[in-house]
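Spelled out from the first residue to the last, the chains are:
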Amino acid sequence: MAFLSSKTGQFTYFSLQLSESDWSRKYVLDFGGNIGNMLRDPSSTIDEERYWCIDVVEESIKSGKAAFPKAHWIFYHRYCFFFNPHGAPRLKLPELDQQFDYIVAYSVFTNTSRADMFDLVYQLRNRLSAGGALAFTFIDPHYRSWLPSRYDGNNLRWRLEREIFLEKEKGNTLAIDVDGLIERAHDATWFVLVNGEDLYLESEATKTYEPEQQRTYHTFYSVAYMQSLFPEATILPPVNDEMQHCCVIRN
Ligand SMILES: C[S@@+](CC[C@H](N)C(=O)[O-])C[C@H]1O[C@@H](n2cnc3c(N)ncnc32)[C@H](O)[C@@H]1O
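Keep in mind that this is a model prediction, so the values were computed, not measured.

**Student:** Mind showing me how you'd approach the sheet that holds strand β9 (residues 234-236) here?
**Tutor:** Backbone hydrogen bonds hold the strands of a sheet together, and the pairing may be parallel or antiparallel. Judged by pairing direction, the sheet is mixed, and its seven strands sit side by side in the order β3-β2-β1-β4-β5-β10-β9 without closing on themselves. The open sheet has two edge strands, β3 (72-75) and β9, and neither has a second partner. Neighbour to neighbour, the strand axes of the sheet diverge by 15 degrees on average, direction disregarded. As defined by bridge partners, strand β2 (residues 51-55) adjoins β3 across four bridges and the pair is classed as parallel.

Pasting the structure below:
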């Protein structure tokens with residue numbers, strides 16, 4: 001089943017992170033934008049005709065185009081675990097006759113390999129206008145996003161419990177040792193969690209998962225590690241009651 005995102009609040013999130021609420025007249029690329037939730041956000045000030053969305057889920061692009069025909073919708077047939085398991089690995093970004101004031105990616109590099117993140121960030125930076133900004137989210141596994149009275153655990157615990165819940169909804173049991181996995185990841189600066197159960201610490205040399213075995217792929221980075229990867233970036237804490245940090249690279 002194709003993934004269509006029902007997440008809301010992305011415009012509010014990035015307008016806070018970039019300290020700019022008036023995006024009218026700005027050229028915006030929503031990388032991994034799925035059905036275009038940036039445009040659907042009630043507080044969005046983006047001009048439909050200045051909005052581009054690139055995604056590896058063809059159905060999401062079709063759905064976005066039907067709702068916002070004046071915007072620009074591009075299917076990118078690149079491999080991505082679960083989202084597009086039959087795509088071409090490391091396919092180059094499509095050519096675009098446009099440079100962008102803002103390039104945003106909400107919860108995209110949280111689901112790709114670290115190598116893909118490097119490759120794509122490098123290519124996306126070249127699409128920025130002078131003075132433009134690339135902003136993408138990431139999840140620090142050790143960070144506690146909420147007060148203990150609301151949720152008493154770090155982001156990794158939240159993800160593991162979510163994976164158990166999602167499998168239960170499908171009638172399956174995910175028999176994982178949540179405390180044990182958290183303990184194993186305790187000192188890791190980054191790691192990959194595949195299918196909610198296989199943990200690869202500071203490595204993305206995962207075993208082979210056939211397309212039908214590909215359920216979820218989550219990459220986590222500590223704030224310090226992300227800063228070491230992109231020393232020129234500004235790393236911002238979550239806003240808008242969310243759990244994702246933001247990495248902002250200005251041109
Ligand atoms: C968790 S969803 C978030 C969707 C959207 N940003 C939102 O907030 O509603 C991750 C999205 O990234 C897309 N994606 C993953 N890898 C991608 C890539 N290499 N290029 C473009 N989109 C990608 C997926 O297809 C999916 O739509």
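**Student:** Quick question: what am I supposed to make of the pairing of strand β6 (residues 190-194) here?
**Tutor:** Every regular strand shows the same layout, with side chains that alternate between the two sheet faces. Counting buried residues in β6 gives five out of five residues, a clear majority hidden from the surface. Side chains of β6 alternate between two faces, with Trp 190, Val 192 and Val 194 and Phe 191 and Leu 193 buried alike. Two elements, β6 and strand β8 (residues 217-221), share five bridges in a ladder whose sense is antiparallel. In the sheet register, Val 192 faces β8, and the bridge partner there is Thr 219. Here β6 folds back onto strand β7 (residues 198-201) in antiparallel fashion, the turn holding three residues, of which Asn 195 has a positive phi close to 55 degrees.

**Student:** It is not clear to me how the site of the ligand should be interpreted in this structure. Could you clarify?
**Tutor:** Residues in close proximity to the ligand total 21 residues, the closest being Ser 5, Gln 10, Gly 32, Asn 34 and Asp 55. Between the ligand and the protein, one listed contact pairs an oxygen atom with a side-chain N or O atom of Ser 5 at 2.6 Å. Between the ligand and Gln 10 there is a distance of 2.7 Å, counted from an oxygen atom to a side-chain nitrogen or oxygen. Of the residues that constitute the shell around the ligand, the class distribution is 11 nonpolar, eight polar and two charged.

**Student:** How should the layout of surface pockets be read in this particular structure?
**Tutor:** Over the atoms a probe the size of a water molecule is rolled, and this reveals where empty space is left. Empty space within the second largest pocket amounts to approximately 310 Å³. Lining the second largest pocket are 18 residues, and of these Tyr 79, Phe 81, Ser 113, Asp 116 and Tyr 217 sit closest to its centre. Of the residues belonging to the lining of the second largest pocket, the class tally is seven nonpolar, six polar and five charged. The residues that make up the lining of the second largest pocket include at least three from each of domain 1 (10-139 + 226-250) and domain 2 (155-221).

**Student:** Sorry if this is basic, but what is going on with the nonpolar core here?
**Tutor:** Side chains that are nonpolar tend, in soluble globular proteins, to be buried together. Core analysis: the biggest nonpolar cluster contains 39 residues, and Phe 31, Phe 109, Met 117, Phe 136, Met 226, Phe 230 and Cys 247 have the highest contact counts within it. Listed in part, the 22 residues of the second largest apolar core include Phe 14, Trp 23, Tyr 51 and Ile 61.

**Student:** Just to check I follow, could you spell out the pairing of strand β1 (residues 28-31) for this structure?
**Tutor:** Covered by surrounding structure in β1 are Val 28 and Asp 30 together with Leu 29 and Phe 31, the residues of both alternating faces. For β1 and β2, the ladder comprises four bridges, and the chain directions are parallel. By the bridge assignment for β2, Phe 31 is matched with Ile 54.

**Student:** Would you explain helix α5 (residues 155-169) in this entry?
**Tutor:** Because each turn of an α-helix spans 3.6 residues, side chains separated by three or four positions in sequence point in the same direction. Over its 15 residues, α5 runs 21 Å from end to end, which matches the ideal 21 Å to within 8%, given 1.5 Å per residue. When we look at burial in α5, the residues that qualify are Asn 155, Leu 156, Arg 159, Leu 160, Glu 163 and Glu 167. What you see down the axis of α5 is that its buried residues fit within an arc of 140 degrees, all on one side. Opposite its buried face, α5 presents the exposed residues Lys 168 and Glu 169, each directed more than 90 degrees away. Its buried side turned inward, α5 meets α6 (178-184), β6 and β8. Between the side-chain oxygen at the start of α5 and the backbone nitrogen of Leu 156 there is a gap of 3.2 Å, and the oxygen is on Asn 154. Looking at the residues trailing α5, positive phi occurs at Gly 171, about 85 degrees.

**Student:** Hey, could you run me through the domain arrangement of the chain in this one?
**Tutor:** Note on interface size: it is often stated as the accessible area lost on association of the parts. Domain annotation for the chain reports domain 1 (10-139 + 226-250) and domain 2 (155-221). Just the C-alpha atoms count here: the centres of domain 1 and domain 2 sit 24 Å apart. Facing the 18 residues of domain 1 at the interface are 16 residues of domain 2. Around 1600 Å² of area is buried between domain 1 and domain 2 when both sides are counted, 59% of it from carbon and sulfur atoms. It is Phe 81, Ile 139 and Met 243 in domain 1 that bury the most area against domain 2; as a group they hold 40% of the surface buried on that side. The interface formed by domain 1 and domain 2 holds zero salt bridges in total. Between domain 1 and domain 2 we count 10 residue pairs in polar contact (both at pLDDT 80 or more) in total. Of all the elements in the fold, those that place two or more residues in the side of domain 1 that touches domain 2 are α4 (114-125) and α7 (223-229). Counting residues per element, the side of domain 1 that touches domain 2 draws most heavily on α4, which supplies three residues. Along the lines of polarity and charge, the residues of the side of domain 1 that touches domain 2 split into 12 nonpolar, five polar and one charged.

Procedures and definitions
Counting starts from 1 at the beginning of each chain's written sequence and moves along it residue by residue. Selection of residues for local features in this predicted model requires a pLDDT of at least 70, selection of side-chain atom pairs for listing and counting requires 80 or more, and totals for whole chains, interfaces and linings are taken over all residues. Note: side-chain values were computed over all heavy atoms of the structure, leaving out hydrogens and water. Two strands form a pair only when DSSP identifies at least two bridges running between them. Secondary structure elements follow DSSP: runs of H or I no shorter than four residues count as helices, runs of E no shorter than two count as strands, and numbering proceeds from the N terminus. Axes here mean lines fitted to C-alpha atoms, for a helix over just the part in contact, with angles spanning 0 to 180 degrees between N-to-C directions. A 1.4 Å probe rolled over the protein chains alone gives each residue an accessible area, and that area as a share of the maximum for its type sets the label: buried under 20%, exposed over 50%, partly exposed in between. Being near a molecule or strand, for a residue, comes down to having at least one heavy atom within 4 Å of it. Polar contact is defined as a pair of N or O atoms within 3.5 Å, subject to the rule that within protein one atom must be able to donate a hydrogen and the other to accept it, and that residues adjacent in sequence are counted only when both atoms are side-chain atoms. Residues were grouped as follows: Ala, Val, Leu, Ile, Met, Phe, Trp, Tyr, Cys and Pro as nonpolar; Asp, Glu, Lys and Arg as charged; and all remaining residues, including Gly, as polar. A cavity here means a set of 1 Å grid points, computed over protein atoms only, where a 1.4 Å probe fits but cannot escape. A pocket is an open set with protein on both sides within 12 Å along at least 5 of 7 lines, and lining residues have an atom within 4 Å of a point. Grid points are joined across faces, edges and corners, and a volume is the space filled by probe spheres set on the points. As used throughout, domain bounds are those supplied by an automatic or database domain assignment. Nine residue types can take part in a nonpolar core, namely buried Ala, Val, Leu, Ile, Met, Phe, Trp, Tyr and Cys, and a core is a set of them joined through side-chain atoms within 4.5 Å. Here the expected length of a helix is defined as 1.5 Å per residue gap, with one fewer gap than residues. Arc definition: directions from the helix axis to the C-beta atoms. Throughout, a contact is declared for two residues whenever any of their heavy atoms are within 4.5 Å. When two parts are brought into contact, each loses some accessible area as probed by a 1.4 Å sphere; the total of that loss over both is the buried area. Salt bridge, as applied in this entry: a Lys or Arg side-chain nitrogen positioned within 4 Å of an Asp or Glu carboxyl oxygen.

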